[in-house]
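# Fold and contact review
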Amino acid sequence: MDIGGLKKMALEEIDKAIDLVGLDNVYKKYLGKKGEIASFFGSLKNLPEKDRKEVGRCLNSFKKLLEEKIKIKEQEFKKSLKLFKNNKLDVSIPGKKIKTGHLHPLTLVKRRAENIFGEMGFSIAQGPEIEDEWHNFDALNIPKNHPARDMWDTFWLKNGKLLRTHTSPVQIRYMKKNNPPIRIIVPGRIFRHEATDASHEINFYQLEGLMIDKDISISNFKAIIQEFFSRFFNKVIEARLRPSFFPFTEPSFEVDMSCVVCEGTGCSVCSSTGWIEIMGAGMVHPNVLKAGGLIPRQKAKDTGWQGFAFGIGLDRLTMMKYKIDDIRLLYSGDIRFLKQF
Ligand code: DAH
């Protein structure tokens with residue numbers, strides 16, 4: 001006589017019953033005149049005299065438990081039936097939507113960029129957001145008192161350190177620790193002591209790139225960056241280099257990409273030029289390679305190193321991808337904005 005097994009089964013069946021009819025069936029099966037419990041009681045007489053009392057007590061408490069459980073469930077069913085009949089329960093009302101969280105648009109763009117560069121053999125490097133003056137400026141060929149420092153409005157800390165104004169210092173940190181060939185990207189947060197407006201924030205995100213080897217040229221850079229943008233925007237994108245100045249590169253470029261909206265024919269996004277300014281880049285300056293502990297290449301076939309670096313604004317890229325016209329939205333925490341991604 002397995003009362004335990006029977007109890008488990010009966011309780012499960014009560015649980016699974018979905019309406020009064022189902023519950024009634026369970027009742028009949030266990031508590032009915034010819035039900036399981038009755039037949040257990042019937043076979044009590046086959047047990048040795050001394051066990052009968054104890055087993056009988058067990059059966060009785062089992063019976064009581066089942067009666068109670070069935071009663072409770074029956075009341076629940078009746079209650080909802082009554083609500084239903086009184087029209088208080090409107091089954092046509094749609095269920096509650098479960099709200100799920102999701103990634104921030106900047107994170108989506110950062111991860112997409114990391115994947116694409118990853119496929120092209122770049123690994124991810126990181127550096128500190130609180131940086132020292134040497135890594136952020138001096139090592140990048142921006143000496144003290146040089147007017148080029150004005151390109152970056154800086155948050156200085158009381159201890160003489162600063163909040164990094166760009167991801168470029170990670171170039172130096174990486175070169176000091178790793179031997180070429182180098183192929184890295186550095187996605188990260190940076191800080192500028194500036195007034196904010198639709199296209200300026202005091203903190204935003206950059207993605208630095210650095211590729212160092214024996215024969216890396218500007219054409220390698222152009223090919224890689226065109227490939228990156230084409231994969232990122234899922235259409236063929238062309239890059240255009242314009243001469244510019246950055247202390248840490250020589251020559252330096254401002255890089256434009258063909259307009260993703262009009263594909264080069266001219267529209268309001270690209271001010272009818274067909275091009276959108278997207279990043280700075282150049283061939284790494286020999287002084288920067290030296291600060292990173294590498295010997296710069298001086299003439300063809302010598303043993304020195306050379307390569308390119310670039311810095312993409314991830315916020316700009318996000319704004320273009322999702323057609324956002326104010327950078328401040330990205331940091332507003334406004335749910336109405338964030339819900340759209
Ligand atoms: N660090 C530059 C900035 O914040 C961006 C940049 C320009 C990075 C040219 C580079 C580069 O690596 O080669 O404005």
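Right, let's talk about the pattern of salt bridges for a bit. With the rule as written, the count across this model stands at 21 salt bridges. Across the pair lysine 110 and glutamate 114 runs a salt bridge whose closest N-O atoms are separated by 3.6 Å. Of the two residues, lysine 110 and glutamate 114 are both situated in helix H5 (residues 105-119); the distance of four residues between them amounts to about one turn of the helix. According to the relative accessible area criterion, lysine 110 is partly exposed, its value standing at 26%. A salt bridge links lysine 144 to aspartate 138, with the nearest nitrogen and oxygen atoms 3.3 Å apart. With relative accessibility at 23%, the residue aspartate 138 sits in the partly exposed group. Members of the salt-bridge network, linked through shared partners, are Glu133, Asp138, Lys144 and Arg149.

His166, Ser168, Arg192, Gln206 and Glu208 are the nearest of the 16 residues found near the ligand. Between an oxygen atom of the ligand and a side-chain N or O atom of tryptophan 152, the distance comes to 3.3 Å. The contact in question runs from a nitrogen atom of the ligand to an N or O atom on the side chain of histidine 166, over 2.9 Å. Protein chains shield 92% of the accessible area of the ligand, which is 350 Å² for the free molecule. Cavity membership is defined here by more than half of the atoms lying within 2 Å of grid points; on that basis the ligand lies in the largest pocket. Contributing elements (two or more residues each) for the shell around the ligand: strand E5 (203-213), strand E8 (275-284) and strand E9 (306-313). Of the residues in the shell around the ligand, the class split is six nonpolar, eight polar and two charged.

With that settled, the discussion passes to the domain arrangement of the chain. Domain boundaries assigned for the chain yield domain 1 (3-87) and domain 2 (105-338). In this structure, domain 1 and domain 2 have C-alpha centres spaced 73 Å apart.

Here we come to the side chain of serine 258. You can see serine 258 is positioned in strand E7 (residues 249-258). With a relative accessible area of 12%, serine 258 lands in the buried category. Setting aside residues up to four positions removed in sequence, serine 258 forms contacts with Val236, Ile237, Glu238, Gly274 and Trp275.

With that out of the way, let us pick up the packing of aromatic side chains. Across all of its chains, the model carries 15 aromatic pairs by this definition. Ring geometry for phenylalanine 137 versus tryptophan 152: centroids 6.5 Å apart, planes at 55°, classification tilted. In this pair, phenylalanine 137 sits in the loop between helix H6 (133-136) and strand E3 (162-163) while tryptophan 152 sits in the loop between H6 and E3, placing the two residues 15 residues apart along the sequence. Like phenylalanine 137, the residue tryptophan 152 is buried in the burial classification. The structure contains a cluster of three or more aromatic residues connected by ring pairs, namely Phe117, Phe122, Phe221, Phe228, Phe229, Phe232, Phe233, Phe308 and Phe310. A cation over an aromatic ring shows up here: arginine 183 above the ring of phenylalanine 122, its NZ or CZ 5.9 Å from the ring centre. Cation over ring: lysine 214 sits above tryptophan 305, and NZ or CZ is 3.8 Å from the ring centre.

Turning to its location among the elements, tryptophan 275 is positioned in strand E8. If we skip the residues at most four places from it in the chain, tryptophan 275 touches Glu238, Ala239, Arg240, Asp256, Met257, Ser258, Cys259 and Cys270.

A surface patch of nonpolar side chains, about 490 Å² in accessible area, is lined by Leu20, Leu81, Leu83, Phe84, Leu89 and Val91. At three residues, helix H4 (residues 49-85) tops the list of elements feeding residues into the nonpolar patch. Here leucine 81 shows up in helix H4.

Roughly 1,100 Å³ of volume is contained in the largest pocket. Considering the residues around the largest pocket, the lining is formed by 39 residues, among which Phe204, Glu277, Ile278, Gly313 and Arg316 are closest to the centre. Among the secondary structure elements, those contributing two or more residues to the lining of the largest pocket are E5, E7, E8, E9 and helix H10 (314-322). Per-element tally for the lining of the largest pocket: the top contributor is E8, with six residues. Taken together, the residues that form the lining of the largest pocket break down as 18 nonpolar, 11 polar and 10 charged.

Rules and cut-offs
- Residues numbered from 1 in each chain as written.
- Predicted model: local features only at pLDDT ≥ 70, side-chain atom pairs only at ≥ 80, totals over all residues.
- Heavy atoms only, no water.
- Salt bridge = Lys/Arg side-chain N within 4 Å of Asp/Glu carboxyl O.
- Helix = DSSP H or I, 4+ residues; strand = E, 2+ residues; numbered from the N terminus.
- Buried < 20%, exposed > 50% of the residue type's maximum accessible area, 1.4 Å probe, protein only.
- Near = heavy atom within 4 Å.
- Polar contact = N/O pair within 3.5 Å; in protein donor to acceptor, adjacent residues only side chain to side chain.
- Areas by Shrake-Rupley, 256 points an atom, 1.4 Å probe, with all protein chains shown as cover.
- 1 Å grid on protein atoms, 1.4 Å probe; cavity = no way out; pocket = protein on both sides within 12 Å on 5 of 7 lines; lining within 4 Å.
- Sits in = over half its atoms within 2 Å of the grid points.
- Nonpolar A, V, L, I, M, F, W, Y, C, P; charged D, E, K, R; others polar.
- Domains from an automatic or database assignment.
- Contact = heavy atoms within 4.5 Å.
- Phe/Tyr/Trp six-rings, centres within 6.5 Å; stacked < 30°, edge-to-face > 60°.
- Lys NZ or Arg CZ within 6 Å of the ring centre and 35° of its normal.
- Patch = residues over 30% accessible without salt bridge, like charges linked within 9 Å, V, L, I, M, F, W, Y side chains within 5 Å.
- Points joined across faces, edges and corners; volume = space filled by probe spheres on them.

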